[in-house]
Amino acid sequence: MAYFLGIDLGTSAVKCILVDDHGKVKASRSEEYPLLQPHPGWAEQHPEDWWQATSRCIRALLELSGVDGGEVAGVGLSGQMHGSVFLDADRTVVRPALLWCDQRTSRQCEWIERTVGPEKLGELTGNKALTGFTAPKAVWLREEEPENYRRTAHLLLPKDYVRLQLTGAFGMDMADASGTLLLDVAGRRWSREVVEKLGLPMEWLPPLYESNEVAGQLTGEAAARTGLREGTPVVAGGGDQACGAVGVGVVKPGIASVALGTSGVVFVHDETYEPDPERRLHAFCHGVPGKWHRMGVMLAAGGSLQWWKNHFAYEELQLAARDNRDVYEYLTELAAEAPIGSEGLVFLPYLTGERTPHPDPEARGGFIGLNLRHTKAHLTRAVMEGITFGLRDSLELMKESSVEITELRVNGGGARSRFWRQMIADVFGYPVVTVNSTDGPAYGAAVMAASGVLKRDVSELCEEWIQVVDRVEPNPDHQARYEPYYAVYRSLYPILKDSFHRLTGLARQA
Ligand code: ADP
C-alpha cells in the first residue's frame, strides 16, 4: 500500500496525517510549538521550532501507524499563510518569523498603497496591503532592523521553510505566494513591477511551482531525522486556505465553501482570475493548477458564539460538564427555541473588528432591537444569525461576478450543528453539504502529494476520495422570513461606523 503524508503547519501546532492511495486516513498526529508575543500586536515564531516539531511529529506518526517510511510515496505541505521567514546566504534564520496575525505593519501598508497605487496593486496582486501580508513585513525589516535586512538573502513562507529542511530546495507555490502581495496573481509569476517599486531584492524570492508539482526530494539527513525514505518526492503544497478547500473538494466551478471555525471563510473556485474591483474579497491562485479562487474572511465567526458561551452560558457549561456533552449542543438547542429573526433582534459580530466586507479594525459588535420579551434563547439565536448574515456578505460580493454557485460545502466546528447548517442554507439560499473528509488542510496537502506523484488531476482525486455525507436544502418559507432581517443587518454597519470608532477611541483612553 502507498501512503501520502500531509503536513499542516498551523499557528499553534503542526498536524501530520497519512492517507492511503484510496484516500482513507490511516493515522494523524500533532505537535505544538510556542507563539511569541514580544510586544502588544506582535506575533512571532521560531522557524527552528516548526522544523523540530514537524520532524518529531512525522517520526511519531510513522511509529504510531506502523507504516514504514519506505511506504510513503509523497509528501505535501500546507501551512499558516503570509508569515515571513528571513534567511541569510547560509540559510540561517535571521530573526523570528513575523506571522499572519502580526499587526505591526500599518504604516508600511499605507506606504505600499501609496507607492504602488491602490489600483495597480489591486490589478496586479488582487489584494489590498493588509498588515498580515508578507511584503509589509519585509518593508518593516528594512525600516526597523536594517542590520537584519542587510543579512537577509532569502524570503520564505512558513511551510516552505519546512520544505527547505526536508529537501534542501527553495521553492514556493503560487497559492501561498498570492498572500505575499508580491505575486502577479493573473500571470502566476513574481511581479517584478511590485517588487521593484517596493525596492525589495528579486533574488530573495524562490522559484514558483503549482501546488501539486514536485518541488524537491527528501535529503538523507531529513530521512534519518523523520524516518521517511531518502529521495521521497515533496510537492509544493499550498497555504492553509487553498489546501483546506481542496481538502473538502472545492476544486471546480459552482462549489463554494464556508469554513465556520473561530474565524469564518467563504471560498469560491474560479476558472479565471476575477479580482474584486474594490478589493473587498481576496483574489488568489488556487491550489488547483492554472485556477484561481476568491475568499472573504470574517474575523469573529464561531469566535462570536465562543465569546457568548464563555461569558453567558454558565448553566449550559454546567449541564455539559454533568452530562459529558458538548456545550455548543445545549446552546444551539436553546437558540432553536427562538423564532427566525429572534423576534426583532439583530447581532453584529464585529467583536474583533472585521475584514470582509468592512475592512475596519475598529468595527464593533452589538445587539440591536432588544426588548423586554427577549430571553437568552433569543440572544443566542441572534448571535448565530448575525454570524451567518456576516458570512453571507462575502457570498453576495462573489455573486457580483459571473460565477454561478450551486452548492456550499460547510466545514469547521460550526458545521457540526445541523441547526446551523439549515440556517446557512436558508440565509444563503443554497444547498449546504458536508463531506467525509474532516482533516482540513492536512488532507488537502495529502491530495496535492498524491496528485503530483501519481500524476492525476487534483479534481479527479477529490471526486474519487471526497464524498458528500449530508445535504440540507434551503426552506423557501424560512428564506423569505430571513430576508428582511438580513436587509436590516446590512444597513447597520454604515449607520453605526462612526459610533464604533468613537467607542474604540474611548475604550483606548479608559
Ligand atoms: P478553530 O477555527 O479554532 O480551529 P473549530 O473549527 O473547531 O476551531 O471551530 C470552533 C467553533 O465552532 C467554536 O467557537 C464554535 O463557535 C463552533 N462550534 C463548535 N462545536 C459546535 C457545535 N456542536 N455546534 C455549533 N457550533 C459549534
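An account of the accompanying structure is given in this report. (Residues numbered from 1 in each chain as written. Predicted model: local features only at pLDDT ≥ 70, side-chain atom pairs only at ≥ 80, totals over all residues. Heavy atoms only, no water.)

1. Some thoughts on the overall build of the protein
Phase 1 of the analysis: Of the regular secondary structure elements, the protein holds 18 helices and 24 strands.
Phase 2 of the analysis: Scaling as 2.2 N^0.38, a compact globule of 510 residues should have a C-alpha radius of gyration of about 24 Å, and the protein matches this with 23 Å.
Phase 3 of the analysis: Its C-alpha atoms put the protein at 70 × 55 × 45 Å along the principal axes.
Phase 4 of the analysis: For the protein, the residues scored as buried account for 60% of the 510 residues in total. (Helix = DSSP H or I, 4+ residues; strand = E, 2+ residues; numbered from the N terminus. Rg over C-alpha atoms; globule rule 2.2 N^0.38 Å. Buried < 20%, exposed > 50% of the residue type's maximum accessible area, 1.4 Å probe, protein only.)

2. Some remarks on the packing of aromatic side chains
Phase 1 of the analysis: A full pass over the atoms with the stated rule returns 18 aromatic pairs.
Phase 2 of the analysis: Measuring from centroid to centroid gives 6.4 Å for F389 and Y482, while their planes differ by 80°, and the two rings are edge-to-face. Highlighted residues: F389 in helix α14 (residues 376-399) and Y482 in helix α18 (residues 476-509), separated in sequence by 93 residues. Each member of the pair F389 and Y482 is classed as buried. (Phe/Tyr/Trp six-rings, centres within 6.5 Å; stacked < 30°, edge-to-face > 60°.)

3. Observations regarding the pattern of salt bridges
Phase 1 of the analysis: A complete count under the given rule lists 47 salt bridges for this structure.
Phase 2 of the analysis: R325 is paired through a salt bridge with E333; the nearest N and O atoms lie 3.0 Å apart.
Phase 3 of the analysis: For E333, a relative accessible area of 43% gives the class partly exposed.
Phase 4 of the analysis: Its salt-bridge partner being R508, residue E362 comes within 3.2 Å of it at the nearest N-O pair. Of this pair, E362 sits in the loop between β20 (346-348) and β21 (366-368) while R508 sits in helix α18, and the two are 146 residues apart along the sequence.
Phase 5 of the analysis: A network of salt bridges, in which partner residues are shared, links E44, R95, D102, R104 and E145. (Salt bridge = Lys/Arg side-chain N within 4 Å of Asp/Glu carboxyl O.)

4. Here's the deal with unusual backbone geometry
Glycine aside, a negative phi is what most residues show, and trans is what most peptide bonds show.
Phase 1 of the analysis: In this structure, P357 follows T356 across a cis peptide bond, with omega equal to 0°.
Phase 2 of the analysis: Of note in this structure, R188 is not a glycine but carries a positive phi near 55°.
Phase 3 of the analysis: The residue R188 is located in the loop between β10 (183-184) and β11 (189-190) in this model.
Phase 4 of the analysis: Judged by its relative accessible area of 12%, R188 falls in the buried class.
Phase 5 of the analysis: With a phi angle near 50°, E343 is a residue other than glycine that sits in the positive phi range.
Phase 6 of the analysis: Along the chain, the position of E343 falls in the loop between α13 (327-335) and β20.
Phase 7 of the analysis: A relative accessible area of 29% means that E343 is categorised as partly exposed.

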